[in-house]
Amino acid sequence: MKSGSNLEKVLEAGHFAFTGELGPPRGTSMEEVKKKASYLKGNVDAVNITDNQTAVVRMASWAACIMLIREGLEPNFQMVCRDRNRLAMQSDILGAYAHGIRNMLCLSGDHQKFGDHPNAKGVFDIDSIQLLGMVKRMRDEGRFLSGAEIEDPPRLFIGAASNPFAEPFEWRVHRLAKKIEAGADFIQTQCIYNMDKFREFMKRVVDMGLHEKCYILAGVTPMKSLGMARYMATQVPGMDVPDSLIQRLKGAGKGKVAEEGIKFALEQIEEFKEMEGVAGVHLMAIEWEHRVPEIAERASVLPRPEV
Amino acid sequence: MIIAKRKPFEEIKEMLTPYNKVLTLGCGTCVAVCLAGGEKEVAVLNAELDMARKLDNNPIELGAFTVERQCDMEYLEVLDSMVGEYEALLSMACGAGVQFLAERYPEKPVFPAVDTTFIGVNRAVGWYEERCRSCSSCVLGMTGGICPVTMCAKGLFNGPCGGTNKGSCEIDKDQPCAWYLIYERLSLQGRLDSIKNISPAVEWQNQAPRTVIQPGYKKPDEAEAGN
């Protein structure tokens, strides 16, 4: 065991993992976090806590992670390279671990231009692959990036993201390989809508044997509305929403689009359960946490394993 | 070369409000080539300032001179006999030139008339694009001659990130993704292996003021001391 986190234990035991996601508040009240957490509790193995997602200021990810632990859930602490240099990153990692955080997802982060402080100085002292290597070094060698020794090093289960849909497609599997080499124990992918492309991506992953070196969790975000589908298709960089899906949602008729979106997600989850190299699903039900119990139930991933 | 653009007129005018006799100094090198601070731009700016101050009933006396390079003390020497009669200096050079001028005449207020913008290339007349952040750790050999520090909005050394948008950067559809270009270029050259290895964390060399002394040269004080 690298970290002994619940997520690691679930995956190590060969169970099909199911993780959720939660965004910290734009203020100091924990009530919303508690409410969202209540929908996720018992339905997922770990919950990603986003780090100033879309470059908008929110409560620190690690702080919301601590609250989640108090609520009896396991957090997956997200950290982006945009807001901290290597000193701040390492000190936050020490603090996060000391407070019981055991999973960490290393990301580049959306560019600050998208957020609520578009002219902030982007740090990007190190990139996501270098961050993975740094966390691995802290854990496995007990050393900071500088080489200095750490007393009682943080033992984290290290995650990374992968977007199989961003161009150049041919390079994506090589970038994934770099992330694994750098230190990723598990991968959570970008939201998948183009199943044909994802099948091709996974075929390449399996051909290279990458699925045997880390756990790959397929990213699923149910479409809530036609507007959301169109927004994802046209406004979100690196997102691949095929027209066939938009037509399908359209065809569902008024008032039934959300149900059709869930049905598509459930079909995806069924396929992922059988797909070679896929070790679980990361469900990103954005501002739809209250639907997670129903989705988990209908996806037949309950009860979550006790390991 | 160093690219600059003139500051908004109101900002320049505001800086000069307390002064009635100012020497505007152009620079004949980079900023002249990029049409921001050469002899011609000095004349235009002075004409605008003269007009505006007259309209304000606060006339200003303006001198004009363009030196070969404000970033070289040798070329500043010619100003020694001139600056005494002015209350302030308005430099149209890059930030380096402004600072050298201020260093040479420490008792004289020196104001910048341009914003130094980047090290770039001349795409067409009047059209410049950034290419270098002078990071002191050039990786262009690895990246097919495309700078990830400058051209990638996140300065990634192991790109491209997940925000690549059909070859564009996530920040702007008109901004090409540097790592997409790097991939294409290296693919063309059959050199993709060059970026398959992990680039380790950069030991940044540009976090404190830098000095370069080329091999065979010494600092002037050391040279004078005969060391």
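What you see is a predicted model, and the numbers here were worked out from it, not measured in a lab.

Thresholds, definitions, all that
- Residues numbered from 1 in each chain as written.
- Chains lettered and ligands numbered in written order.
- Predicted model: local features only at pLDDT ≥ 70, side-chain atom pairs only at ≥ 80, totals over all residues.
- Heavy atoms only, no water.
- Axes fitted to C-alpha atoms, helices over the stretch in contact; angles between N-to-C directions.
- Helix = DSSP H or I, 4+ residues; strand = E, 2+ residues; numbered from the N terminus.
- Parallel < 35°, antiparallel > 145°, perpendicular 65-115°, else oblique.
- Left-handed = near helix turned anticlockwise from the far one by under 90°.
- Contact = heavy atoms within 4.5 Å.
- Nonpolar A, V, L, I, M, F, W, Y, C, P; charged D, E, K, R; others polar.
- Pairing = 2+ DSSP bridges.
- Core = buried A, V, L, I, M, F, W, Y, C linked by side-chain atoms within 4.5 Å.
- Buried < 20%, exposed > 50% of the residue type's maximum accessible area, 1.4 Å probe, protein only.
- Polar contact = N/O pair within 3.5 Å; in protein donor to acceptor, adjacent residues only side chain to side chain.

Engineer: Whenever I open this one, the packing of helix α4 (residues 86-98) of chain A against helix α5 (residues 128-141) of chain A confuses me. Can you help?
Structural biologist: When two helices pack together, their arrangement is given by the angle between the helix axes and by the axis-to-axis distance. All names here are of chain A. Between α4 and α5, the shortest axis-to-axis distance is 11 Å and the interhelical angle comes to 45 degrees. Between α4 and α5, the angle falls in the class oblique. Judged by the sense of rotation from one axis to the other, the crossing of α4 with α5 is right-handed. Every residue of α5 that contacts α4 at R86, M89, Q90, I93 and L94 is listed here: L131, M134, V135 and M138. Residue composition of the contact of α4 with α5, grouped by class: seven nonpolar, one polar and one charged.

Engineer: Help me understand the sheet that holds strand β7 (residues 127-132) of chain B, please; the structure alone is not making it clear to me.
Structural biologist: Pairing between sheet strands relies on hydrogen bonds along the backbone, with the strands arranged either parallel or antiparallel. All names here are of chain B. Reading across from one edge, β1-β6-β7 is the order of the three strands in this open sheet, with antiparallel pairing throughout. Two strands close off the open sheet at either side, each with one partner strand: β1 (2-6) and β7. Across the sheet, the axes of successive neighbouring strands diverge by a mean angle of 70 degrees, strand direction being ignored. Sheet analysis places β1 next to strand β6 (residues 114-124), joined by five bridges and oriented antiparallel. The residue bridging K5 from the neighbouring strand is D115, located in β6.

Engineer: Help me out: how do you make sense of the sheet that holds strand β1 (residues 17-22) of chain A in this one?
Structural biologist: Residues and elements named next belong to chain A. Read around the closed barrel, the eight strands follow the order β1-β2-β3-β4-β5-β6-β7-β8; overall the barrel is parallel. Strand after strand, the sheet turns through a mean of 30 degrees between neighbouring axes, direction not considered. Pairing of β1 with strand β2 (residues 46-49) involves four bridges; the strand directions are parallel. Paired with T19 across the two strands is A46, which belongs to β2. Together, β3 (75-80) and β4 (103-107) form the strand contacts of α4, whose direction differs from that of β3 by roughly 170 degrees.

Engineer: Can you help me understand the nonpolar core in this one?
Structural biologist: Judged by nonpolar contacts, the single largest core of 90 residues is most densely connected at M104(A), L131(A), Y193(A), F198(A), M223(A) and F272(A). Considering every element that reaches this core, the biggest residue donor is helix α10 (residues 257-274) of chain A, with seven residues. In terms of nonpolar packing, the next biggest core, distinct from the first, is built from 25 residues, V22(B), L49(B), F111(B) and V114(B) among them.

Engineer: How do you make sense of the side chain of N46(B) when you look at a structure like this?
Structural biologist: Residue and element names in this part refer to chain B. As for its position among the elements, N46 is in helix α3 (residues 39-55). Relative accessible area serves as the criterion here: at 10%, N46 is assigned to the buried category. A polar atom in the side chain of N46 sits 2.6 Å from the side chain of T24. Filtering out sequence-adjacent residues up to four positions away, N46 remains in contact with T24, L62, G63 and A64.

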